[in-house]
Amino acid sequence: MTLPELFETDQILNFLHNVLVKQDLKKDDLPFRHSKATSYVNQYYLCVVVEFLIKYHILHQGSQDIFSFASQLEQVFQTSPNYKTFLIQSNRLLATSIQQKLQLSDQLSVENKKKILAYAYEHYIQNGYCFHSIPSSLEDVIKKDGLSKKEGYPLSDQIIKIDHIFEKYGIDNIFGIEPEFQKKEYFEITDSPSMAFFHALETPMYFCYFTSYSNLEDDSMNQDAYYLKSMELCSNNIELLCNKKGLTDQEKDTVMNYFHEQWKLLDASNLVPMIVLMKRKVVGRDFLKDYDEIMKYCDEQDIIYSLSKIMDSRYPNDRRYTKIIPAELEICKFPSYERIMTYEKNAEKPPVPQEKQEEKIKKNNHGYADVIALSGILMITLGLTWILVSIYFNIQ
């Protein structure tokens, strides 16, 4: 079973929906959360759940047993009192899946630990993947031309003009991009499935930032607007910002015209998350320098600690300066945020009219994704699973 097929199944869609709408997650005191940030917890869990599913898929090459793993993962999600426990137990499930695959009696003996770790290294590192998120509107271009650094940003002159307009009203960098974005000579890939999925939801990031990041002191802007690919909600956000900041009618027209032109150019209403997969060996990330050291000391540590050292992200933002040809790429489509948010398992119902669907989205919106906070948290925590595990097991 391919990744796109997996994420289209009722079981997985229902699982992701349950993660996104679970209310008591907002009470979870994530060990790396900013004290004032409370709204992104469900989205963070969503990305991490997707990561574990992708990791299992890579480890076991699309095995049908992934549905049993998903059931166990959902049970862990529903019963874990906090993120740390969820993380530990989910990694334990990965270790157990390898143990069962190799038909080992336990995870405790040094010999069995090494077999589990060697399997993970072979399948996830040596024969695993790195990722790059794209707008689905670029799928045909990537299939034809491959992956390379693109020239600048669409409508870049307008971006500069609009940035200057908002600077007059105290908002710097309204698009959240580097001042010299045109000189960027590389594109970025990642070895983190959660980061790839997150960026697939928000791509292109500058437009997500512009349409959904709250530059106001209150919560009046809908920060799920771009995730949901709702032109109405995004347009309302921008109009609200223009009005509250007191832009002139001419300035507001310039901003709104840019928004509608960019929305049409991106075909944003029809964008769905897409991730480009490439073999690690294609980009020279198919080895770990400290692998021998991990194996050497695995007898002194819990298997989860050693496994996390192997499978955690090492390259959350990896710069690539050379083209990757189409033959070395695989493009995977994932369900949209809107579909996950409003999903009803085995729903045999006629299509919901667009205006009613918009209303349903608003009613089911149990918390906005703070795109900036979530991005920052993902960046901070990638590669730190083993640190949390070390704290849990009191490893020095």
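Now for a look at the structure at hand. For every chain, the first residue of its written sequence is number 1, and the numbers climb from 1 along that sequence. Since the coordinates come from a predicted model, pLDDT governs what is reported: local features require at least 70, and pairs of side-chain atoms require 80 or more to be given and counted, while whole-chain, interface and lining totals use all residues. The side-chain figures draw on all heavy atoms in the structure; neither hydrogens nor water molecules are used.

What about the overall build of the protein chain?
The numbering of helices and of strands both runs from the N terminus, where a helix is a DSSP run of H or I of at least 4 residues and a strand a run of E of at least 2. Scanning the protein chain from N- to C-terminus turns up 18 helices and five strands. Each residue is assigned to one of three classes by its accessible area relative to the maximum for its type, calculated with a 1.4 Å probe on protein chains only: buried under 20%, partly exposed between the two thresholds, exposed over 50%. Buried residues in the protein chain amount to 55% of all 396 residues. Residues are treated as being in contact if the distance between any of their heavy atoms lies within 4.5 Å. Here the contacts in the protein chain between residues at least 6 apart in sequence split such that 79% fall between residues at least 24 apart. Exposure was quantified through the Shrake-Rupley algorithm and a 1.4 Å probe, taking into account, for residues, occlusion by the shown protein chains and nothing else. Here the protein chain has roughly 18,200 Å² of accessible surface; of this, 48% comes from carbon and sulfur atoms.

Looking at the packing of helix 6 (residues 110-126) against helix 14 (residues 303-311)
Axes here refer to lines fitted to C-alpha atoms; in helices the fit is confined to the stretch in contact. Angles between the N-to-C directions go from 0 to 180 degrees. Look at helix 6 against helix 14: their axes get within 10 Å of each other, and the N-to-C directions meet at 20°. The angle between helix 6 and helix 14 places the two elements in the roughly parallel class. Crossing of helix 6 against helix 14: the hand is right-handed. Listed contacts from helix 14 to K113, I116, L117, A120, Y121, Y124 and I125 of helix 6 are I303, S306, L307, I310 and M311. The residue makeup of the contact of helix 6 with helix 14, split by class, is ten nonpolar, one polar and one charged. Any angle between 65 and 115 degrees counts as roughly perpendicular, while under 35 counts as roughly parallel, over 145 as roughly antiparallel, and the rest as oblique. Two helices cross in a left-handed way if the nearer one is turned anticlockwise from the farther one by less than a right angle. They cross in a right-handed way if the turn is clockwise. In the scheme used here, Gly and all other residues not listed as nonpolar or charged are polar, with Ala, Val, Leu, Ile, Met, Phe, Trp, Tyr, Cys and Pro taken as nonpolar and Asp, Glu, Lys and Arg as charged.

Details of the sheet that holds strand 5 (residues 329-333)
Strand pairing is defined by DSSP finding a minimum of two bridges between the two strands. Pairing within the open sheet is antiparallel, and its three strands lie in the order 1-3-5. A strand with exactly one partner marks an edge of an open sheet, and here the two such strands are strand 1 (129-135) and strand 5. Going from strand to strand, the sheet's axes swing by 30° on average, the running direction of each strand aside. Of the pairings in the sheet, the one linking strand 1 to strand 3 (residues 273-279) comprises seven bridges and is antiparallel in character. Of the residues in strand 3, the one forming a bridge with S133 is I275. On the sheet, helix 9 (residues 193-202) packs against strand 1 and strand 3 and is oriented at approximately 145° with respect to strand 3.

Description of the nonpolar core
By size, the foremost hydrophobic cluster in this structure holds 104 residues, and its most contacted members are F7, F86, F166, F210 and I310. Top element by residues in this core is helix 3 (residues 41-60). It accounts for 14 residues. Dropping the residues within four chain positions of it, F210 is found in contact with I162, F166, I174, F175, I238, V255, Y258 and F259. In this description, a nonpolar core means a group of buried Ala, Val, Leu, Ile, Met, Phe, Trp, Tyr and Cys residues linked to one another through side-chain atoms lying within 4.5 Å. With twelve residues, the next largest nonpolar core counts M274, V283, I324 and L329 among its residues.

Description of the packing of aromatic side chains
Working definition: rings of Phe, Tyr and Trp (its six-membered ring) pair if their centres are within 6.5 Å, and the pair is stacked with planes under 30 degrees apart, edge-to-face with planes over 60 apart, and tilted otherwise. Throughout the structure, instances matching the rule amount to 26 aromatic pairs. Ring pairs connect the aromatic residues F175, Y206, F207, F210, Y226, Y258, F259 and W263, which therefore count as one cluster. Note that K55 overlies the ring of F52, its terminal NZ or CZ placed 5.9 Å from the centroid. Whether a charge sits over a ring depends on NZ of Lys or CZ of Arg being within 6 Å of the ring centre and within 35 degrees of the ring normal. The aromatic ring of Y226 is capped on one face by K229, whose charged end is 4.3 Å from the ring centroid.

Considering helix 14
Across the nine residues of helix 14, nine count as buried, placing the element largely inside the fold. Listed as buried for helix 14 are I303, I304, Y305, S306, L307, S308, K309, I310 and M311. Polar contact is the term for a pair of N or O atoms within 3.5 Å; when the atoms are in protein, one must be able to donate a hydrogen and the other to accept it, and sequence-neighboring residues count only if both atoms are side-chain atoms. For helix 14, the N-terminal cap is D302; the gap from its side-chain oxygen to the backbone nitrogen of I304 is 2.8 Å.

Structural notes on the pairing of strand 1
Burial runs high along strand 1: seven of the seven residues are buried. Every second residue of strand 1 is oriented toward a common face, with Y129, F131, S133 and P135 on one face and C130, H132 and I134 on the other, all of them buried.

Looking at the pairing of strand 3
Summarising burial for strand 3: six of the seven residues are buried, a large majority. Sheet topology note: the strand 3/strand 5 ladder contains five bridges and is antiparallel. Within strand 5, the position partnered with I275 by the bridge is C332.

Details of the packing of helix 10 (residues 205-212) against helix 12 (residues 249-266)
At a closest axis distance of 12 Å, the pairing of helix 10 and helix 12 adopts a crossing angle of 140°. Of the possible angle classes, the one that applies to helix 10 and helix 12 is oblique. Regarding helix 10 and helix 12, the two cross each other, and that crossing is left-handed. Where helix 10 abuts helix 12, its residues Y206, F207, F210 and T211 lie against V255, Y258, F259, Q262, W263 and L266.

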